[in-house]
Amino acid sequence: RFLVPLVVAGALLASCGGDDDSTVDTDAPAAEADASDTSVDATEAPSGVILVSPSEANAFLADAPADAVILDVRTPEEFAEGHLEGAVNIDIYEPTFADDIDALDRDVPYVVYCRSGNRSSQATSLMGDLEFESVQDIDGGVVAWNEAGLLLVTG
């Protein structure tokens, strides 16, 4: 059961990314899933992580608890071009990303996003593996947020 999340996280990190050829380095050892273990679906989100639409995320944020954190995992340049109001930026491409996420409070709710959903999927997978209690991943990221007519702030 421990190896399956590592394999899923490794597959996500290897296959997903932003708009460039950058990759995310992990310290996790390579692992192979036992072919006889069919108890976990490889597409299943880690415990505590749910995929939400932009409108669902917006509704949550409109009445979010005071300790909720909006986490943008894009580059600082992308963040400056436009982000959700109140978001904090932790760049998934930074070598300290896993340590930065590990240092966060696991007991507060998070809304995580990137440009299209690829990098946030990687980040929320890590957060699930680290047993964060409540993580919402915005399906489609900023692209879908804009398409839904929702506002971003700049600066």
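Just above, that's the structure.
What counts, and where the lines are drawn
Residues numbered from 1 in each chain as written. Predicted model: local features only at pLDDT ≥ 70, side-chain atom pairs only at ≥ 80, totals over all residues. Heavy atoms only, no water. Helix = DSSP H or I, 4+ residues; strand = E, 2+ residues; numbered from the N terminus. Buried < 20%, exposed > 50% of the residue type's maximum accessible area, 1.4 Å probe, protein only. Areas by Shrake-Rupley, 256 points an atom, 1.4 Å probe, with all protein chains shown as cover. Contact = heavy atoms within 4.5 Å. Pairing = 2+ DSSP bridges. Salt bridge = Lys/Arg side-chain N within 4 Å of Asp/Glu carboxyl O. Right-handed = clockwise from strand over helix to strand, strands pointing away.

Caption draft 1: Spatial organisation of the overall build of the protein. Counting secondary structure elements, the protein contains six helices and five strands. What you see in the protein, going N to C, is helices and strands ordered as α-β-α-β-α-β-α-β-α-β-α. Within the protein, the fraction of its 155 residues that count as buried is 36%. Counting only carbon and sulfur atoms, one obtains 51% of the accessible surface of the protein, whose full area is about 8600 Å².

Caption draft 2: Quick peek at the environment of F79. Summarising the element assignment, F79 is placed in helix α3 (residues 76-81). For the pair formed by F79 and R115, sequence separation is 36 residues and the distance between their alpha carbons is 9.6 Å. Setting aside residues no more than four positions away along its own chain, F79 makes contact with D72, R74, A87, V88, N89 and G155.

Caption draft 3: Broad picture of the sheet that holds strand β1 (residues 49-52). In spatial order, the strands read β1-β5-β4-β2-β3; together these five strands make up an open sheet with parallel pairing. The outermost strands of the open sheet, each flanked by one partner alone, are β1 and β3 (88-89). Strand direction decides the pairing type here: strand β2 (residues 69-72) and β3, joined by two bridges, are parallel. Each residue of the ladder has a partner; that of D72, found in β3, is N89.

Caption draft 4: Structural context of the pattern of salt bridges. Within this structure, the stated rule accounts for three salt bridges. Residue R74 pairs with D72 through a salt bridge whose shortest N-O separation is 2.7 Å. According to the relative accessible area criterion, D72 is buried, its value standing at 0%.

Caption draft 5: View of the side chain of E78. By the element assignment, E78 lies in helix α3. The exposure class of E78 is buried, given its relative accessible area of 15%. Discounting residues that sit within four places of it in the chain, E78 has contacts with R115 and R119.

Caption draft 6: Representation of the pairing of strand β5 (residues 134-138) in the model. In terms of residue burial, β5 counts as a mostly covered element, since four of its five residues are buried. Bridge count for β1 against β5 is four bridges, and the pairing is parallel. Within β5, the position partnered with I50 by the bridge is Q136. The parallel pair strand β4 (residues 109-113) and β5, bridged by helix α5 (residues 118-129), forms a crossover whose chirality is right-handed.

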